[in-house]
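Architecture and fold: a report
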Amino acid sequence: MPDLPRPDSTARPYDADRIRADFPILARRVHKRPGHPGKPLVYLDSAASAQKPKQVIAAMTRLMEEDYSNVHRGIHFLSQRSTDAFEAARRRIAQFINASSDDEIVLTRSATEALNLVAHSYGRAFFERDDEVIVSVMEHHANIVPWQLLQTDIGIALKVVPVDDDGVFDMDAYKALFGPRTRLVALTHCSNVLGTVTPAKQIVDVAHGHGVPVLFDGSQAVVHQPVDVRELDVDFYAFTGHKLYGPTAIGVLYGRKSLLDRMPPYQGGGDMIASVSFGGTRFREPPHRFEAGTPPIIEAVGLAAALDYIDGLGRSAIATHEHDLLIKATQSLAQIEGLRVIGTAPGKGPILSFVVDGIHPHDLGMVVDQAGVAVRVGQHCAEPLIDRFGVGATTRASFGLYNTVADVDALVDAVAAAKEFFG
Amino acid sequence: MFDELRELYQEVILDHGRHPRNFRHPPEASHEAKGDNPMCGDKLIVYLTVGSDPERTISDVAFLGKGCAISTASASLMTELLRGKTERDARTLFAHFHDMCLGEEGAANHGPVDDDALDRLKVLSGVRQYPVRVKCATLPWHTMIAALAGTTEVTTE
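Residues numbered from 1 in each chain as written. Chains lettered and ligands numbered in written order. Predicted model: local features only at pLDDT ≥ 70, side-chain atom pairs only at ≥ 80, totals over all residues.

A count of helical and extended segments in chain A gives 15 helices and 17 strands. Taken against the 2.2 N^0.38 rule, which gives 22 Å for 423 residues, the C-alpha radius of gyration of chain A at 22 Å falls within 12% of a compact globule. Projected onto the principal axes, the alpha-carbon positions of chain A cover approximately 70 × 55 × 40 Å. Expressed as a percentage of the 423 residues in chain A, the buried residues total 50%. Counting contacts in chain A only where the partners sit at least 6 residues apart, residues at least 24 apart contribute 71% of the total. (Helix = DSSP H or I, 4+ residues; strand = E, 2+ residues; numbered from the N terminus. Rg over C-alpha atoms; globule rule 2.2 N^0.38 Å. Buried ≥ 20, exposed ≤ 12 C-beta atoms within 10 Å, placed from the backbone. Contact = placed C-beta atoms within 7 Å.)

Bringing the overall build of chain B into the picture now. Counting its regular elements, chain B contains 6 helices and 4 strands. Of the regular secondary structure in chain B, the N- to C-terminal order runs α-α-β-β-β-α-α-α-α-β. In terms of overall dimensions, chain B is globule-like: its C-alpha atoms have a radius of gyration of 15 Å, near the 15 Å expected for 157 residues. Counting only C-alpha atoms, chain B reaches 50 × 35 × 25 Å along its principal axes. Within chain B, buried positions represent 41% of all 157 residues. In chain B, of all internal contacts separated by at least 6 residues, the share reaching a separation of at least 24 is 63%.

Turning to unusual backbone geometry, a few remarks are in order. As a rule of thumb, non-glycine residues mostly have phi less than zero, and peptide bonds are mostly trans rather than cis. Residue and element names in this part refer to chain A. At the junction of proline 286 and proline 287, the peptide bond is cis and its omega measures out at 5° in the coordinates. Tracing the chain through its elements places proline 287 in the loop between β12 (282–283) and α11 (297–313). Residues other than glycine seldom take positive phi values, yet alanine 249 does so here, at roughly 65°. Mapped onto the secondary structure, alanine 249 falls in the loop between β9 (236–240) and β10 (251–255). Among the residues examined, alanine 249 registers 16 C-beta atoms within 10 Å and is labelled partly exposed.

Moving on, we come to the interface of chain A and chain B. Opposite the 16 residues of chain A that make contact, chain B presents 13 residues. Those elements that place two or more of their residues in the side of chain A that touches chain B are α13 (361–370), β16 (376–378) and α15 (405–422) of chain A. For the side of chain A that touches chain B, the element with the most residues is α13 of chain A, which contributes 5 residues. Counted by class, the side of chain A that touches chain B contains 9 nonpolar, 6 polar and 1 charged residues. (Nonpolar A, V, L, I, M, F, W, Y, C, P; charged D, E, K, R; others polar.)

Residues and elements named next belong to chain A. Within the secondary structure, arginine 109 is located in the loop between β4 (105–108) and α4 (111–126). Residue classification places arginine 109 among the partly exposed positions, given that 18 C-beta atoms sit within 10 Å. Distance in space between the C-alpha atoms of arginine 109 and glutamine 95 is 20 Å, their sequence separation being 14 residues. Setting aside residues no more than four positions away along its own chain, arginine 109 makes contact with Ala249, Ile250, Gly251 and Pro296.

Residues and elements named next belong to chain A. Within helix α7 (residues 200–209), burial applies to Ala200, Ile203, Val204 and Ala207. Angularly, the buried residues of α7 cover 95° about the axis, an arc narrow enough to put them on a single face. Close packing links the buried residues of α7 with α6 (171–176), β7 (182–188), β8 (214–217) and α9 (229–232). In the segment just after α7, glycine 211 is the residue with positive phi, at about 75°. (Arc of directions from axis to C-beta.)

The next point concerns the domain arrangement of chain A. Residues and elements named next belong to chain A. Taken as a whole, chain A is organised into domain 1 (16–52 + 314–422) and domain 2 (58–311). Each of domain 1 and domain 2 has a C-alpha centre, and these two points are 28 Å apart. Listing elements by their share of the side of domain 1 that touches domain 2, those giving two or more residues are α12 (315–334), β14 (351–356), α14 (383–388) and β17 (394–398). Residue composition of the side of domain 1 that touches domain 2, grouped by class: 13 nonpolar, 9 polar and 6 charged. (Domains from an automatic or database assignment.)

Here the focus is the pairing of β14 of chain A. All names here are of chain A. Along β14, 6 of the 6 residues are buried, which leaves the element largely enclosed by surrounding structure. Burial of the side chains of β14 extends over both faces: Ile351, Ser353 and Val355 are buried on one face and Leu352, Phe354 and Val356 on the other. Pairing of strand β13 (residues 339–342) with β14, which is carried by 4 bridges, proceeds in the antiparallel orientation. For leucine 339, the partnering residue across the bridge sits in β14 and is valine 356. (Pairing = 2+ DSSP bridges.)

What follows concerns the packing of helix α3 (residues 69–82) of chain B against helix α6 (residues 131–149) of chain B. Residues and elements named next belong to chain B. One way to put it is that α3 packs onto α6 with a least axis distance of 8 Å and a crossing angle of 35°. For α3 against α6, the interelement crossing comes out right-handed. Mapping the contact onto sequence places Ile70, Ser71, Ser74, Ala75 and Met78 in α3 and Arg133, Cys136, Ala137, Leu139, Pro140, Trp141 and Met144 in α6. (Axes fitted to C-alpha atoms, helices over the stretch in contact; angles between N-to-C directions. Left-handed = near helix turned anticlockwise from the far one by under 90°.)

In a soluble, globular protein the nonpolar side chains are often hidden away together inside. Residue and element names in this part refer to chain A. Membership of the largest hydrophobic core comes to 168 residues, with the highest contact counts inside it found for Ala238, Val301 and Leu411. It is α11 that provides the largest number of residues to this core, a total of 12 residues. Per-domain counts for this core show at least three residues from each of domain 1 (16–52 + 314–422) and domain 2 (58–311). Those residues in contact with leucine 411 that lie beyond four places of it in its chain are Val42, Leu44, Ala329, Val373 and Ala397. (Core = buried A, V, L, I, M, F, W, Y, C linked by C-beta atoms within 7 Å.)

Residues and elements named next belong to chain A. Remark: α12 packs on α15, axes separated minimally by 10 Å, with the N-to-C direction vectors making an angle of 20°. In terms of orientation, α12 and α15 fall into the roughly parallel class. α12 and α15 meet at a crossing whose hand is right-handed. Contacts from Leu325, Lys328, Ala329, Ser332 and Leu333 in α12 reach Val405, Val408, Leu411, Val412 and Val415 in α15. (Parallel < 35°, antiparallel > 145°, perpendicular 65-115°, else oblique.)

Here we take up the sheet that holds strand β5 (residues 132–136) of chain A. Residues and elements named next belong to chain A. What the 7 strands build is an open sheet, ordered β4-β10-β9-β8-β7-β5-β6; its pairing is mixed. Since the sheet does not close on itself, it has two edges, and those belong to β4 and β6 (157–161), each with one partner. Taken pair by pair, the neighbouring strands of this sheet meet at an average axis angle of 20°, ignoring direction. Where β8 lies against β9, 3 bridges are found, and the strand directions are parallel. Along β9, the bridge assignment pairs aspartate 217 with alanine 238. The strands touched by α4 are β4, β7, β8, β9 and β10; relative to β10, the strand with the most contacts, the crossing angle is about 35°.

One key point about sheets: their strands pair by backbone hydrogen bonds, in either a parallel or an antiparallel sense. Residues and elements named next belong to chain A. Taken together, 4 strands build an open sheet; the order of strands is β13-β14-β17-β16 and the sheet is antiparallel. With one partner strand each, in any of the chains shown, β13 and β16 form the two edges of the open sheet. Averaged over all adjacent pairs, the angle separating strand axes in this sheet is 30°, with direction ignored. Packing against the sheet, α13 makes contact with β14, β16 and β17, and its axis sits at approximately 160° to β16.

Given below as structure tokens:
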């Protein structure tokens with residue numbers, strides 16, 4: 001696949017308005033009806049799923065219009081073109097997180113599938129009754145339930161790292177959880193509710209000191225900061241494409257080669273086998289061993305285009321821009337009486353959860369939505385964490401590379417209007 | 001800006017949402033069930049005091065819990081409307097109310113209903129415009145039915 005053109009922005013100041021022009025959906029109005037022009041869309045739900053730039057849409061369309069076919073199994077022209085594009089996408093993903101080799105990149109359908117893959121393959125191969133996995137209280141359900149399934153099936157135990165009232169990862173408690181039966185550390189790299197960024201390097205160093213491998217759920221972190229799996233020395237790193245401005249139905253599992261080599265298949269099917277006979281089947285080497293069936297070909301190409309787009313803008317520049325929005329939003333919302341931010345850890349990502357006295361998040365979300373502002377309300381697939389903070393549910397605004405100060409102002413105005421509405 | 005929302009959040013709802021009636025745990029309650037809407041984190045417990053007469057007359061209804069204005073108001077109105085009703089009348093009222101929330105009044109024949117009670121529930125009918133909120137309005141009622149049936153937990157999922 002030829003390299004996609006990259007926006008030349010390194011020399012230019014960050015221009016969110018110009019960037020917004022790359023996202024067709026941001027130009028639409030919502031709640032239009034006869035006699036009412038509707039409201040401009042203010043999209044503050046990127047932590048749930050990010051919108052897609054036209055470069056991603058074009059890359060996927062181009063593949064389907066010009067080069068599409070199944071991969072790894074044909075000798076015809078298009079099969080080779082499609083295989084090349086798919087494997088180039090894998091290379092691009094490996095480069096994005098600085099993996100040593102493409103063979104360390106397993107393409108899945110989601111981050112959830114990536115986490116389940118580790119639990120199912122690594123966990124079932126190497127865990128025994130009373131072995132322990134360390135997670136934290138701020139995990140997404142996708143990094144809790146796969147381990148609970150092993151709890152039921154194998155009898156492993158979960159050890160849970162707490163957070164303090166700001167949402168800071170409790171490093172001392174983490175260190176104290178290690179024991180002779182600790183087999184894996186499986187932690188979020190950035191909380192989808194609190195925005196807390198966990199001290200990844202330190203977490204890995206501690207675990208490796210005990211000879212224990214580390215898995216990060218990086219679905220939020222990889223969107224907001226450069227991630228270098230070699231520098232972190234992490235063993236597994238899972239993330240999803242659709243929060244990275246790529247399409248849905250593509251996830252990534254980075255796995256250290258020496259671990260992937262030892263792991264049995266996750267699912268059986270085509271594409272993951274070297275040879276099949278009823279006398280016995282041989283499996284392919286990683287990563288293909290873990291990619292049964294036709295993979296997400298179009299989605300991989302779309303994700304690679306999204307990574308090109310992000311790197312074109314510059315990951316540090318994006319992080320700085322998003323951080324500025326977070327600070328402004330936090331300060332402005334703090335002016336609203338009765339509003340409390342949940343998650344105030346230093347260095348947090350651009351995710352802002354809050355509660356307002358006397359207004360249930362579901363009601364708040366309805367009013368805010370009528371103003372054209374899209375936020376998420378509820379438990380954000382992190383029920384244990386919501387219980388930890390004793391709030392039942394929160395409203396969450398999350399910022400992406402295309403958000404502006406005007407979006408922040410719209411949010412603050414909408415929350416103030418909701419306060420008035422429910423008085 | 002909020003004309004449409006006024007349809008949903010009528011004054012009665014805001015009032016019951018802020019000041020729910022029968023928000024208590026009666027020690028003499030004979031039946032109770034926990035209702036849970038995992039999507040929004042709403043949780044409530046409905047307490048019924050059911051008589052030993054053949055018609056199982058409900059002498060008291062109360063609830064406790066945490067929810068949005070819609071679910072709290074629906075629970076609050078329910079506690080007022082079901083007091084003194086037989087089990088069958090309570091079930092019938094919910095059947096009619098459920099259809100109302102879905103915009104399907106008259107779709108099925110649930111039998112005769114207390115029209116005044118159903119009329120008071122009309123303030124909640126705005127949820128039909130917002131499919132995700134239908135569960136908020138019906139959760140307390142599903143929980144009440146579960147309590148009557150002797151089930152201790154119900155979830156909207």
